[in-house]
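# Breakdown of the fold
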Amino acid sequence: MKRLALTLTLTAATFAGLGAYAQTTQEKKKAERTLTFEVYKDAKGEFRWRLKATNGQVIGTSGDGYKAKADCTHAIDLIKEGASKATTDDKS
């Protein structure tokens, strides 16, 4: 009976470990599919952001530089907040 209990305990621990591995792998894959904002300093020493797609292509930029990094990251936060409510204005 003790042997059966020990086997069940080890099996449960193994599956719990595999579940954690699977979750970690899924989280990594999801992160790889996520758009990424990059903050960087330009030649004038101002902070700018660029938005990169999952394939590494730049799909958006700040256009203007920010003197303070906090202002740059605040602009990113505003975009993230407003993007979920954005509409499409088709001018074609």
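Our structure is the block above this text.
Since this is a predicted model, take the numbers as computed values, not measurements.

Turning our eyes to something else, we now look at the pairing of strand 3 (residues 58-61). Both faces of the sheet carry side chains from a regular strand, because those side chains alternate between them. Note: strand 2 (residues 47-52) against strand 3, three bridges, orientation antiparallel. Note that in strand 3 the partner of Leu51 across the bridge is Gly60. The turn joining strand 2 and strand 3, which pair antiparallel and follow one another in sequence, is formed by five residues; a positive phi near 95° is taken by Gly56.

Another point: the packing of aromatic side chains. Summed over all chains, the structure comprises one aromatic pair. Summarising the aromatic geometry, the rings of Phe37 and Trp49 are spaced 5.4 Å apart at their centres and angled 70° between planes, so their arrangement reads as edge-to-face. Here the residue Phe37 occupies a position in strand 1 (residues 36-41), and Trp49 occupies one in strand 2, the gap between them amounting to 12 residues. Overall, Phe37 belongs to the partly exposed group, its relative accessible area being 22%. Residue classification places Trp49 among the buried residues on the basis of a relative accessible area of 10%. For Arg50, the ring lying beneath its charged end belongs to Tyr40, and the centroid distance is 3.9 Å.

What follows covers the nonpolar core. The tendency in soluble globular proteins is for nonpolar side chains to be buried as a group. Grouped together as the largest cluster of nonpolar side chains are six residues: Phe47, Trp49, Leu51, Cys72, Ala75 and Ile76. Of all the secondary-structure elements, those providing two or more residues to this core are strand 2 and helix 2 (69-83). Filtering out sequence-adjacent residues up to four positions away, Ala75 remains in contact with Trp49 and Tyr66.

As summarised here, the arrangement of the three strands in space is 1-2-3, forming an open sheet in which the pairing is antiparallel. Edge strands, defined here as strands with exactly one partner in the open sheet, are strand 1 and strand 3. If you compare each strand with its neighbour and ignore which way they point, the axes differ by 30° on average.

How each quantity is defined
- Residues numbered from 1 in each chain as written.
- Predicted model: local features only at pLDDT ≥ 70, side-chain atom pairs only at ≥ 80, totals over all residues.
- Heavy atoms only, no water.
- Pairing = 2+ DSSP bridges.
- Helix = DSSP H or I, 4+ residues; strand = E, 2+ residues; numbered from the N terminus.
- Phe/Tyr/Trp six-rings, centres within 6.5 Å; stacked < 30°, edge-to-face > 60°.
- Buried < 20%, exposed > 50% of the residue type's maximum accessible area, 1.4 Å probe, protein only.
- Lys NZ or Arg CZ within 6 Å of the ring centre and 35° of its normal.
- Core = buried A, V, L, I, M, F, W, Y, C linked by side-chain atoms within 4.5 Å.
- Contact = heavy atoms within 4.5 Å.
- Axes fitted to C-alpha atoms, helices over the stretch in contact; angles between N-to-C directions.

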